[in-house]
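This is what each chain is made of:
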Amino acid sequence: MSEPSIFFTEVNERQGAFHRRSFLLGGFAGAGLLALGGRLAHLQLLEAQRYEKLSASNQFNFRLVPPPRGLIVDRNGQVLATNRPNFRLLVVKDGEHEPAPTLKTLAHFVPLDEARQARLLKEFERTPNRVPVSVMEDMTWEQFSAINIRAPEMPNVTADMGEVRVYPHGGAFAHVIGYVAKVNREDLTETGPNSEAILLHPGFRIGRQGVEKAFDLDLRGRTGARKVEVDARGREVRNDPGGDIQAVSGKTVELTLDVDIQKRALEVMDDESGAIVVMDCRSGDLLCMVSAPSFDANRFVRGLSVAEYRALADYERRPLLDKAMSGTYPPGSTFKMTTALAALGAGIDPEERVFCSGGWRFGGRTWRCWRHSGHGSQNMHEAIKNSCDVYFYQVALRMGPDHIARAAKALGFGQAFDIGIPGQRTGVVGSTEWKRTRVKRDPTWHPGDSVSYGIGQGYITANGLQLAVMTARLANGRKQLNPRLIKSVGGVEMPPGDEVPSLPFSQEHLDYVRAGMIAVANDARGTAFRQSQLGLGDVLMAGKTGTAQVRSYDGVADRDSRSVRWGLKDHNLYVAFAPIDQPRYAISVIIQHGGLGGATAAAPRAREVMRVALLKDPEIRARITQPLPMPDVSDLPPTGMAPDGSVIAPPPETGDPV
Amino acid sequence: MTMSALRRPGERDRLVVKFTQIDWTFCIALCLLAGVGSLMMFSVAGSSWEPWAGPHLFRFGICFALMIALAMFDVRVWFALAYPIYGIGLALLVAVELVGDTRMGATRWLDIGFMSFQPSEVMKVGIVLALARFYHGISADDARLSWWLLIPAAMIAAPVLLVAHQPDLGTAMLIAMTGAAVVVLAGLSWKIIGAAVISFAAAVPIMVIFVMHEYQRKRVMTFLNPENDPSGSGYHILQSKIALGSGGFFGKGYGLGSQSQLNFLPEKHTDFIFATLAEEFGFLGCALVLALFAAVIFMALRTASLAHSHFGRLAAAGVTATFTLYVLINGAMVMGLAPVVGVPMPLLSYGGTVMLTVMIGWGLVQSVRVHRYSEVTSGKGAFV
């Protein structure tokens, strides 16, 4: 044995203990590794399918594609609202990329000033991670390609092509069609169509006003989806066209409006504030519904700056208010047909005469006629033609308010029509019952209330649409015609406005009142004779002027509206229909604080719009074999200037003072 | 022939003879593991040697050469340096406490001019050496149960407390467990072991509530309930499990792991590289790699049992225990069995410090193997 014994004496207790314990360590390691293997088998063999699904849902994403929004067209198919391509710049915030430096870099390529950057950063704070924020809309092609070339350096930036809503006629349809805008948090709901994920898409727009709002769901269409492979930051890696779901564009909404009439109506409004409504007297279709001044809805699509919004909201003439539906005004003398119909219905003899001396003493005060020199002896026909206030004071007093209220309601006052879009204000139709329940301060109907009611002042207000409906019903003479604004949605025709009950007036009475309106516009002494000449041969127009005061003239020496500030001037109104033999179109014109007179401020505008409507009608065109030359147009006065006092013109004050 | 050569004192000191005594099977297993790591890094980098696969292989090469070089040192040299290395490690830990770099809320790094490193890594080898050195000098009875054992207890406690204070709970636990493994291997009484296990189990909830930092507590809570917070801290565990599970038996194929390629898997090239492997090579690949780890561990344990010196045995076994702990903890973490504690998979994961520590450890083990017949003089209780 050459080996030193020390090796064996060293095999002592310590070594034995170590060997036993190292077996233990080996056992521990083996058991641990086996446990890991068992766990792996559990995950990879037993639960593999479950985790494969989770992995696939990580890997693949459906990117929602907003559908093209439906078109809005006029009655002839002219496009009023459409979409155009939009180069958009999107930035996502994720754990790795902060938006602030990204915006700084982007500012080299697109105009992004400090204020806009600050506003966007606030938006980023509100937006969850990985949801893209639109930094810039409507980039030029140059900007778009400049960003795209640098895309690899900026992984959190995408420049893509979406669609943006565009209104080719600018402000002409702004109030009727409304506009679309970005989705607000308030728009989102837990359930229903507004809970859909597409609303969070940066390219999605929601209808905000008018038709865009009322028919939002029809216009939206069906959301599409693109199957894409994404990485952990949600960035797109690959597209899988096989898995795509096509978007279906929204339905087309066809309006009854006519783009030519609508645009001409807005043009003739000039700088004035007011509304023009044109309605078909046979079908009830609205051909024109304009509120002036208007605004460019395209600006709202992009998002207004605070300054722009303030300018619109603070402007005295209130462009954001739809005066055709939401503005209510005293109808003034345009209400006299209603009073006349009520009087005829109440059994008052139209040939009974009232003497007008320019004023009438009643209830301790003098009720003035607009013509201070008086009209002399008037029957009902003459009183309508001359718009004699004294006649209607007395007639209204005799029959009381409830007769008038019944007639007014039958003609459409005091109600909102179902035209498909919200926003109508009904106005007021006074009656004893109404005053008892609604006027807490003074619930009794006083005789004096009836007196002013007779000439369309006091407890009677109406919007432009109601005035047009009244005129159309008078012109139609048979039916309680309803207005219709939406012709069809997605090719499905909407119910027409002429399937309605008959008017509760006798034909004889209606003919009588219509004759009065014809005289207003066609008798050389009618209040709006000169301004109502269409120059279309035997196609003639019938009408009625109106001037509604907005302040009390008691104790006011100078009643001339021209000297007071805009907000205190009288409203000027004109309602008309044409042709007088076979009425086709009815129109109402309201010039808010026009300050002149129904004949001077409103009637020439009505005539111009009516001419456009008539000339577009093939049947009318056929009738006009040889149109007469246009009448002198110098009677469309520049605002704020006095109308010239020519022979056949009515006196400057065409108002109906109380 | 080799065996007899080793038994002749003059012969076994020759470098060539020493070289033949290195466990080359073991070395091949190490190379295979490092190769698998590099292969996965090549895949997750999108079939590129940069930035991980190339450097990983390069570092492994350097460290492998270092391991061979260290194996040439006689085990008596290691014995002599055991306490100095431990002392230097402890001094560096104190230095970190005083002048260390603070990164991400933890003071772990020491800046030494041209590079910064974590002294806690030195301690992983230092504690094994120092404990082996200590137990070499005492009898089996004393190692079982005696007042002498207060010394190893203090030797473990000092670095553990310093590292825990940085705070780096993962490393502190690793050092404590390594130390405990050596103490158990040296023959600690089962009564003490049982008592320690029971008191540790009782101490865990107290630690969680009173001692841990907020982020550590959050990690523990997340581990217990990963689905509660799928995009926050639970994200790592969940995504790792998805990667593993979706791999199935054969895997998705090399370079086709969607979880790792699309970055759903966090730390895909470092702590979670095993999940990358599992996704692309499935159960089959994982089982093979685990078998390789098992082979490495058992070859190292065999080396430990071959040693004639008690110091050599304990040092080799201690290093093996550390390695085993790394593998098991990382595996458990990746598979959702343990909280995310930042322990890498040795040899597979990218990272220079751990690679260096592990290969120095294997250098010690190979030195023990090459010099298994070396006599190490014992001095009971001697410190030199």
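Residues numbered from 1 in each chain as written. Chains lettered and ligands numbered in written order. Predicted model: local features only at pLDDT ≥ 70, side-chain atom pairs only at ≥ 80, totals over all residues. Heavy atoms only, no water.

Before going further, it helps to spend a moment on the overall build of chain B. Counting its regular elements, chain B contains 17 helices and three strands. A globule of 384 residues ought to have a C-alpha radius of gyration of about 21 Å, and chain B, at 21 Å, matches this closely. With respect to the principal axes defined by its C-alpha atoms, chain B has extents near 60 × 50 × 45 Å. For chain B, with 384 residues in total, the buried portion stands at 56%. Here the contacts in chain B between residues at least 6 apart in sequence split such that 72% fall between residues at least 24 apart. Roughly 15,500 Å² of accessible area belongs to chain B as shown, and the carbon and sulfur atoms make up 71% of that amount. (Helix = DSSP H or I, 4+ residues; strand = E, 2+ residues; numbered from the N terminus. Rg over C-alpha atoms; globule rule 2.2 N^0.38 Å. Buried < 20%, exposed > 50% of the residue type's maximum accessible area, 1.4 Å probe, protein only. Contact = heavy atoms within 4.5 Å. Areas by Shrake-Rupley, 256 points an atom, 1.4 Å probe, with all protein chains shown as cover.)

Turning our attention to the overall build of chain A. Counting its secondary structure elements, chain A contains 22 helices and 21 strands. Taking the principal axes of its C-alpha atoms as reference, chain A extends roughly 160 × 55 × 45 Å. Across the 658 residues that make up chain A, the buried fraction comes to 54%. Contacts in chain A between residues at least 24 apart in sequence constitute 75% of all its contacts with a sequence separation of at least 6. With an accessible surface of roughly 28,400 Å², chain A has 53% of that area assigned to carbon and sulfur atoms. Between the averaged position of the 79 positive side-chain charges in chain A and that of its 75 negative side-chain charges there is a distance of 3 Å. (Lys, Arg positive; Asp, Glu negative; His and termini not counted. Charge placed at Lys NZ, Arg CZ, Asp CG, Glu CD.)

Side-chain pairs of opposite charge can arise whenever the charged atoms involved come near each other. All names here are of chain A. Scanning the entire structure with this criterion turns up 37 salt bridges over all chains. D258 serves as the salt-bridge partner of K616, at 3.1 Å between the closest nitrogen and oxygen. Here K616, found in helix α21 (residues 598-616), pairs with D258, found in the loop between β10 (253-255) and α10 (259-269); they are 358 residues apart in sequence, far enough to count as distant. The class for K616 is partly exposed, based on a relative accessible area of 29%. Residues D260 and K616 are paired through a salt bridge, measuring 2.6 Å at the closest nitrogen-oxygen approach. Placement of the pair is D260 in helix α10 and K616 in helix α21, with a sequence separation of 356 residues. Look at D260 and you get partly exposed, because its relative accessible area is 36%. What you see here is one network of salt bridges that share partners, running through R69, R165, E212, D216 and R220. (Salt bridge = Lys/Arg side-chain N within 4 Å of Asp/Glu carboxyl O.)

Residue and element names in this part refer to chain B. Remark: helix α6 (residues 75-99) packs on helix α7 (residues 119-136), axes separated minimally by 8 Å, with the N-to-C direction vectors making an angle of 140°. The pairing of α6 with α7 is recorded here as oblique in orientation. For the crossing formed where α6 meets α7, the hand is left-handed. The segment α6 lies against α7, with W78, F79, A82, Y83, I85, Y86, G89, L90, L92, L93 and V96 engaging P119, S120, V122, M123, G126, I127, L129, A130, R133, F134 and H136. Looking at the contact of α6 with α7, its residues break down into 17 nonpolar, four polar and one charged. (Axes fitted to C-alpha atoms, helices over the stretch in contact; angles between N-to-C directions. Parallel < 35°, antiparallel > 145°, perpendicular 65-115°, else oblique. Left-handed = near helix turned anticlockwise from the far one by under 90°. Nonpolar A, V, L, I, M, F, W, Y, C, P; charged D, E, K, R; others polar.)

Further remarks concern helix α15 (residues 389-399) of chain A. All names here are of chain A. Judged by how many residues are buried, α15 sits mostly within the fold: eight of eleven residues are covered. For α15, the full list of buried residues reads D389, V390, Y391, F392, Y393, V395, A396 and M399. Positive phi appears at G400, one or two residues downstream of α15, with a value of about 85°.

Overall, the predicted model of chain B reaches an average pLDDT of 86, with 90% of residues at or above 70. Segment residues 379-384 of chain B is flagged for pLDDT under 50; beyond a separation of four residues in sequence, or across chains, it makes nine contacts in the model. (pLDDT = per-residue confidence, 0-100.)

Once that is clear, we can look at the interface of chain B and chain A. How big an interface is tends to be stated in terms of accessible area lost as the parts join. On the side of chain A, 41 residues touch chain B, which itself brings 61 residues to the contact. Across the chain B/chain A interface, buried area totals approximately 4,200 Å², and carbon plus sulfur atoms make up 68% of it. On the surface where chain B and chain A come into contact, there are one salt bridge. A salt bridge links R144 of chain B to E13 of chain A, with the shortest nitrogen-to-oxygen separation between them at 3.0 Å. Viewed at the interface, chain A and chain B are joined by 16 residue pairs in polar contact (both at pLDDT 80 or more). Every element with two or more residues in the side of chain B that touches chain A is listed here: α7, α8 (140-144), α10 (169-185), α11 (190-211), α13 (234-247), α14 (258-261), α15 (273-306) and α16 (310-334) of chain B. Take the side of chain B that touches chain A: its biggest share by element is 13 residues, from α15 of chain B. Its residues assigned to classes, the side of chain B that touches chain A shows 34 nonpolar, 20 polar and seven charged. (Buried area = accessible area lost by both parts, 1.4 Å probe. Polar contact = N/O pair within 3.5 Å; in protein donor to acceptor, adjacent residues only side chain to side chain.)

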